[in-house]
Amino acid sequence: MLDNLRDAVRKFLTGSSSYDKAVEDFIKELQKSLISADVNVKLVFSLTNKIKERLKNEKPPTYIERREWFIKIVYDELSNLFGGDKEPKVIPDKIPYVIMLVGVQGTGKTTTAGKLAYFYKKKGFKVGLVGADVYRPAALEQLQQLGQQIGVPVYGESGEKDAVGIAKRGVEKFLNEKMEIIIVDTAGRHGYGEEAALLEEMKNIYEAIKPDEVTLVIDASIGQKAYDLASKFNQASKIGTIIITKMDGTAKGGGALSAVAATGATIKFIGTGEKIDELEVFNPRRFVARILGMGDIETILEKIKEVENYDKMQKKMEEVISGKGKLTLRDVYNQLIALRKMGPLSKLFQLLPGIGMLGQIPEDQLKVGEEKMRKWLAIMNSMTYEELDNPSIIDKSRMRRIALGSGTEIEDVKELIEHYNLMQRTIKMLKRRKKDVEKLLGQFGGEST
């Protein structure tokens, strides 16, 4: 599902066409991919209009290329389409915990019961499975085979037709055996028009076993129809969550995901294959990162994070200049780390606004700058916390130890200390100027900004 978006991202980031043309082509590809994945057409155009609006009203932060910033916007808006920052809570806050699975026939509900049991067993819980599907032939046998495969006990009554009684007796048995998580597999219905009967049975079993959570299992292939079913389910069971199965083999997976997300229901897991371990906690941002190309998007997110960290460092400098803080070598260290993670100096200088007007910076000077940055970081890594917080205590003896520990020369340590002292003198000068300006403005009844 949406696999072609990875290629579109790589083509966009590395292509030679103009930025505006590349953006136009990418948005067309995004629309085509989402509509092919059965996402509602109005929703698709609403999404792309939001992307265009953000491009129009927002500017990329310093040091970030426009193409990378654009992909970050696409990532944000796609994540919102599939549920945003909603984090499903998968670890129960009480023990024992009873989960009741409901869904129409053919959704993979029994297989999901086994996957869910395996998921919680791996987390260290004692898990029991109850087979209360009395309509589908071989449903109990299938559940027993899954239980045997993963080493989880299964309760069922072959030939018995009282689903409510089976569910109640099974839960009671496992509660007596001190099981921590009990998963009840219920009967499905033959089609998505049978919601009324499905919800009625859910209500009857619910009243008998009083589950802590009711989970609706939906097949991804129903696409946008998932909205109606999830809405009805969400109204009937306020403690309900959703599992979407068969996300690996359907072109309609995007439709089902976006439809359920639009109801406000919590998508807890998605089934990504037939194997017992192919069930994953649904995280919209992680899901979108995967369809856009995990490596590409993670690199961009990391870079933007470092730019934000660098901006925080700059704000700290402003606080120091205004007299609200003190500059230490820890601050210098954090600035250098953030700057270094943002990329090579040659690349960063290219991204600075107006830098082209200053002419090309010689490559040898950039190499010297990067080498100096590397040495200074090594030197500060060899300092104690006390030395970082109060560099004035660093005498010749400490310099020798620091140089030896960092694999540098004493002159390199001196140069770093001189750089720090120059920063301190500059800050004092700026503070004096600020006070002089405020004093002058005060005489004329003005105020500084």
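Notes on the structure follow. (Residues numbered from 1 in each chain as written. Predicted model: local features only at pLDDT ≥ 70, side-chain atom pairs only at ≥ 80, totals over all residues. Heavy atoms only, no water.)

1. A short note on the overall build of the protein
- The secondary structure content of the protein amounts to 18 helices and 8 strands.
- Across the 449 residues that make up the protein, the buried fraction comes to 45%.
- Taking the intrachain contacts of the protein between residues at least 6 apart in sequence as the baseline, contacts between residues at least 24 apart amount to 73%.
- Put simply, the protein shows about 23400 Å² of open surface, and 50% of that area lies on carbon and sulfur atoms. (Helix = DSSP H or I, 4+ residues; strand = E, 2+ residues; numbered from the N terminus. Buried < 20%, exposed > 50% of the residue type's maximum accessible area, 1.4 Å probe, protein only. Contact = heavy atoms within 4.5 Å. Areas by Shrake-Rupley, 256 points an atom, 1.4 Å probe, with all protein chains shown as cover.)

2. Details of the packing of aromatic side chains
- A full pass over the atoms with the stated rule returns 7 aromatic pairs.
- Measuring from ring centre to ring centre gives 5.1 Å for Phe119 and Tyr120, while their planes differ by 85°; the resulting arrangement is edge-to-face.
- Using a relative accessible area of 10% as the deciding quantity, one classes Phe119 as buried.
- By the ring-pair criterion, three or more aromatic residues cluster together here, those being Phe119, Tyr120, Phe125 and Phe269.
- Across from the ring centre of Phe12, 5.4 Å away, lies the NZ or CZ of Arg67, which sits over that ring. (Phe/Tyr/Trp six-rings, centres within 6.5 Å; stacked < 30°, edge-to-face > 60°. Lys NZ or Arg CZ within 6 Å of the ring centre and 35° of its normal.)

3. A look at the pattern of salt bridges
- Overall, the coordinates contain 21 salt bridges when judged by the stated rule.
- With a shortest N-O distance of 2.8 Å, Lys72 and Asp76 are connected by a salt bridge. Here the residue Lys72 and the residue Asp76 both occupy positions in helix α4 (residues 66-81), the gap between them amounting to 4 residues, near one helical turn.
- The exposure class of Lys72 is buried, given its relative accessible area of 16%.
- For Asp76, the salt bridge is made with Arg285, and the minimal N-O distance between the two is 3.3 Å. Here Arg285 lies in helix α11 (residues 284-292) and Asp76 lies in helix α4, a separation of 209 residues in the sequence.
- By relative accessible area, Asp76 is classed as buried at 9%.
- Assessed through its relative accessible area of 22%, Arg285 is described here as partly exposed.
- One continuous salt-bridge network, built from bridges that share partners, spans Arg54, Glu58, Lys72, Asp76, Glu77 and Arg285. (Salt bridge = Lys/Arg side-chain N within 4 Å of Asp/Glu carboxyl O.)

4. Some thoughts on the nonpolar core
- Among the nonpolar cores identified, the biggest contains 68 residues, and Phe70, Leu78 and Ile244 are the most heavily contacted of them.
- For this core, the leading source of residues is α4, giving 8 residues.
- Residues contacting Phe70, with those up to four places away along its chain left out, are Phe12, Tyr19, Val23, Phe26, Ile27, Ile51 and Leu55.
- Counting 23 residues, the second-largest nonpolar core is a separate cluster that includes Ile99, Val127, Leu146 and Leu279. (Core = buried A, V, L, I, M, F, W, Y, C linked by side-chain atoms within 4.5 Å.)

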